[in-house]
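Close look at the chain arrangement
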Amino acid sequence: MTPLFKRAQAVKYLVLSLVIAGFSIFFLLYHTAAENNGVRIEQTKEETQAIEVTGPLTVNVVLQQHYLDGNTSEETVTETIWSMEDFWAQYKDWQLVDQKEGQMIFRKTIDDISPLLKANGYFGISEDGTLTIFKGLPEESEEVIQSFFQIDISKLESRQQEELKKGIPVVSKDHYIQVIESFKTLSIKQ
């Protein structure tokens, strides 16, 4: 064997030894990291299991609906929350306005008049000449739901006076707006 051949053999063994040493170090580091990650995974599983063991969350949800006429209806429901993602999706059209332990309050603005107005609301005129919505017929009720502006009674036609005296039923949002607008031209400017 020539000295050049012996030298090539020595370099070959040296490179092979370095490669084996490198793989050994890599394997040891990888194995150590895998063991550490395994511990983390187990801890994460234990934490998740601890959360699952506590069960679903039960809260009282207050739903406030605010209407064009200023009325607000309120309903309280008890919700069992199994998934927060599903819970928030259920109330995505609502605005969270307050949250306490065991209670969440949501509000939604409704582009309509309230069910109270549709069922019992009548336009009329109060004693001081203010366009008012009464709960029930104006001649029979003194309970005011909403007041608007003072009307110049001298400008009212006799038909309009009679309608307001008897009461104009509030039947829809469009009708509500139409009646207000029609009497606005007769308001006393202040």
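See the structure shown above.
Residues numbered from 1 in each chain as written. Predicted model: local features only at pLDDT ≥ 70, side-chain atom pairs only at ≥ 80, totals over all residues. Heavy atoms only, no water.

**Structural notes on the overall build of the chain**
The secondary structure content of the chain amounts to five helices and eight strands. When the helices and strands of the chain are placed in sequence order, the string is α-β-β-α-β-β-α-β-β-β-α-β-α. Sorting the 190 residues of the chain into buried and exposed places 25% on the buried side. Surface exposure of the chain reaches about 13,700 Å², of which carbon and sulfur atoms provide 55%. (Helix = DSSP H or I, 4+ residues; strand = E, 2+ residues; numbered from the N terminus. Buried < 20%, exposed > 50% of the residue type's maximum accessible area, 1.4 Å probe, protein only. Areas by Shrake-Rupley, 256 points an atom, 1.4 Å probe, with all protein chains shown as cover.)

**Side note on the pattern of salt bridges**
Any two side chains of opposite charge can pair, given that their charged atoms come close. One pass over the full model with this rule turns up six salt bridges. Across the salt bridge formed by R159 and E163, the nearest N and O atoms sit 3.5 Å from each other. You can see R159 and its partner E163 sitting in helix α4 (residues 158–166), four residues apart, about one turn around the helix. Accessibility expressed as a relative area gives 48% for R159, which makes it partly exposed. By relative accessible area, E163 is classed as partly exposed at 34%. Linked by salt bridges that have partners in common, E157, R159 and E163 make up one network. (Salt bridge = Lys/Arg side-chain N within 4 Å of Asp/Glu carboxyl O.)

**Quick look at the side chain of T132**
With respect to the secondary-structure elements, T132 resides in strand β6 (residues 130–135). Relative accessible area serves as the criterion here: at 1%, T132 is assigned to the buried category. With sequence-adjacent residues up to four places away left out, T132 is seen in contact with Y122, F123, G124, S126, V144, Q146, S147 and F148. (Contact = heavy atoms within 4.5 Å.)

**What about helix α5 (residues 173–184)?**
In this model α5 runs 17 Å from its N-terminal to its C-terminal C-alpha over 12 residues, within 8% of the 16 Å that 1.5 Å per residue would give. Restricting attention to buried positions, one finds in α5 the residues Y176, V179, I180 and F183. Along the long axis of α5, the arc covered by the buried residues comes to 95 degrees, so they all point the same way. In α5, the exposed positions angled more than 90 degrees off the buried face are occupied by D174 and Q178. Looking at the buried positions of α5, the neighbouring elements they touch are α3 (115–120), β5 (121–125), β6, β7 (144–150), α4 and β8 (168–169). (Expected span 1.5 Å × (residues − 1). Arc of directions from axis to C-beta.)

**Let's talk about the packing of aromatic side chains**
The relative placement of two aromatic rings is captured by the distance of their centres and the angle of their planes. Applying the stated criterion to the full structure yields nine aromatic pairs. Between F87 and Y91, the ring centres sit 5.2 Å apart and the planes meet at 55 degrees, which makes this aromatic pair tilted. Pairing F87 with F106 gives two aromatic rings, centres 6.1 Å apart and planes at 55 degrees, and the pair type is tilted. With F87 in helix α2 (residues 84–90) and F106 in strand β4 (residues 103–109), the pair connects residues that are 19 residues apart, well separated along the chain. Comparing F87 with F106, the two get one shared label, buried. The structure contains a cluster of three or more aromatic residues connected by ring pairs, namely F87, W88, Y91 and F106. (Phe/Tyr/Trp six-rings, centres within 6.5 Å; stacked < 30°, edge-to-face > 60°.)

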